[in-house]
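# An overview of the molecular structure
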Amino acid sequence: MGWFVGWLNSFVQNTLTKNSIATPSRLKESGILSMNSRNLNYISRYNPRRLLPLVDDKLTTKRMAEKAGVDVPKLIGVIEYQSDIRKLKGILEPLEKFVIKPAKGSGGKGILVITGRDSDRYVKASGESLSFNAISRDVSNILGGLYSLGGKSDIAVIESLIVADPIFKDYSFEGVPDIRVIVFRGFPVMAMMRLATRKSDGKANLHQGAVGVGLDIATGNSLRSVQHDLPVSTHPDTGHNFSTLNVPHWHKILSLSAACYEMTNLGYLGVDLVLDKNLGPLILELNARPGLAIQIANGQGIKPRLQLIESLRKHDLPIEERVAFSQQHFGVATLSTLQRT
């Protein structure tokens, strides 16, 4: 909650006050969706509690996506119990690169990204190397619920490391960039790319120091970029300028995101995707309580877009029609008009 207050204050100071003073009416005009409004008017209303386990457990999500024919990173192994840790060495022995994550984790906590081997040690994206015992302790912590929602016992999921599309090599430090799309009632409404930095330890997590880049929903072009809630124009490690960033496979990304509505029946959903060099867009995970920082990355409030979708007489449209509607109405060319309505 504290981080949201922090970035909201930053948004006010950096965006709304540059021409005049910040007032409640200016915040309303900007269409900012608050935490309370998100929880009461969208998550509670459109995400039935009985369906939340489908996305709160990454292993369940992965298996559900595979069943639906949606591409996801390859599942290598699962550690369910402390006694299973004895199997870990055999699972990791043939692997040069891999990811270990808690099935019920949130905010990127507990995710271990191994990008190489140095003799018997495992090398992280930051260059730091770990012993096998250190990795075993991390897996034990995952099983004990250190990173899970509510501190409940958890499962460690081992999956293949994405081979990042080289088109983003100048925009990210070591880690794989991911794309977050907010999908409301099956319509993709706002998107951003998250780019790893040295500070974020190769993880595309904004709270840990990754850069967030707002994306034009119509084209996949960059709109603005922020790190720690403050505007930046270049990557802090590579020095590359974000203004020329464009996400390829954009239409497929929007279509995959929209399809997650049919897959989960959740009305308000955060869809995280990655671009694999060989496989193209892959669904990484789904989130039934997506954060609100996407608004500051875009420099726009999301509420007018949600209200426009709610005002539609018909929502059960084919995926392609929903995507076309979003690209037509939420692109930068029409955004200013939407903000005034």
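In the block above lies the structure referred to throughout.
The text that follows walks through the structure, step by step, so that each part is easy to find. Because the structure is a prediction, the values reported are computed rather than measured.

Our focus in this paragraph is unusual backbone geometry. Note: most residues except glycine have negative phi, and most peptide bonds are trans. One non-glycine residue, Ser119, lies in the positive phi region at around 60 degrees. Of note, Ser119 is situated in the loop between strand E3 (112-118) and strand E4 (121-124). Accessibility expressed as a relative area gives 66% for Ser119, which makes it exposed. The phi angle at His249 is positive, at roughly 55 degrees, despite the residue not being glycine.

A few words now on helix H7 (residues 132-143). Taking 1.5 Å as the rise per residue, H7 with twelve residues should run 16 Å; its terminal C-alpha atoms sit 17 Å apart, in good agreement. Along H7, the residues that are buried comprise Phe132, Ala134, Ile135, Ser136, Asp138, Val139, Ile142 and Leu143. Positive backbone phi, approximately 90 degrees, marks Gly145, located one or two places after H7.

Val247 and Tyr268 are the most contacted members of the largest nonpolar core, which has 64 residues in total. With residues near it in sequence (within four places) discarded, Val247 still touches Phe168, Ile179, Met193, Leu215, Gly220, Ile253 and Leu275. With 20 residues, the next largest nonpolar core counts Ile85, Ala134, Ile142 and Tyr147 among its residues.

Here the distance between the centres and the angle between the planes together describe a pair of aromatic rings. Taken as a whole, this structure holds nine aromatic pairs when the rule is applied. Ring centres 5.5 Å apart and planes at 80 degrees place the aromatic pair Tyr42 and Phe184 in the edge-to-face group. One end of the pair, Tyr42, is in helix H3 (residues 35-46); the other, Phe184, is in strand E7 (residues 178-184), with 142 residues separating them in the sequence. For the pair shown, Tyr42 and Phe184 are each scored as buried. Plain terms: the ring middles of Phe325 and Phe330 are 6.3 Å apart, the flat faces sit at 85 degrees to each other, and that makes the pair edge-to-face.

In contact at an axis separation of 9 Å, helix H8 (residues 250-264) and helix H11 (residues 319-330) are set at 120 degrees when each is read in the N-to-C sense. Comparing their axes, H11 and H8 come out oblique. When the axes of H8 and H11 are compared, the crossing they make is right-handed. Residue-level inspection shows Trp250, His251, Leu254, Ser255, Ala258, Ala259, Tyr261 and Glu262 of H8 in contact with H11, the latter providing Ile319, Glu320, Arg322, Val323 and Gln327. Split by residue class, the contact of H8 with H11 holds seven nonpolar, three polar and three charged.

Parameters at a glance
Starting from 1, residues in each chain are numbered consecutively following that chain's sequence as written. Under the rules for a predicted model, residues below a pLDDT of 70 receive no local features and side-chain atom pairs below 80 are neither given nor counted, while totals for whole chains, interfaces and linings still include all residues. In computing side-chain properties, one takes all heavy atoms of the structure into account and sets aside hydrogens as well as water. Secondary structure follows DSSP: runs of H or I at least 4 residues long count as helices, runs of E at least 2 residues long count as strands, and numbering of each begins at the N terminus. Each residue is assigned to one of three classes by its accessible area relative to the maximum for its type, calculated with a 1.4 Å probe on protein chains only: buried under 20%, partly exposed between the two thresholds, exposed over 50%. Take the residue count of a helix, subtract one, and multiply by 1.5 Å to get its expected span. Take the buried residues of types Ala, Val, Leu, Ile, Met, Phe, Trp, Tyr and Cys, join any two whose side-chain atoms come within 4.5 Å, and each joined set is a nonpolar core. Residues are treated as being in contact if the distance between any of their heavy atoms lies within 4.5 Å. Aromatic rings from Phe, Tyr and Trp, taking only the six-membered ring of Trp, are treated as a pair when their centres fall within 6.5 Å; an angle between ring planes under 30 degrees marks them as stacked, one over 60 as edge-to-face, and anything in between as tilted. Helix axes use the C-alpha atoms of the stretch in contact, all axes being lines fitted to C-alpha atoms, and the angles between their N-to-C directions lie in the range 0 to 180 degrees. The labels follow the angle: roughly parallel below 35 degrees, roughly antiparallel above 145, roughly perpendicular from 65 to 115, and oblique for the rest. Crossings are sorted by hand: turned counterclockwise from the far helix by less than a right angle, the near helix makes the crossing left-handed, and turned clockwise it makes it right-handed. When residue character is reported, Ala, Val, Leu, Ile, Met, Phe, Trp, Tyr, Cys and Pro are called nonpolar, Asp, Glu, Lys and Arg charged, and the others, Gly included, polar.

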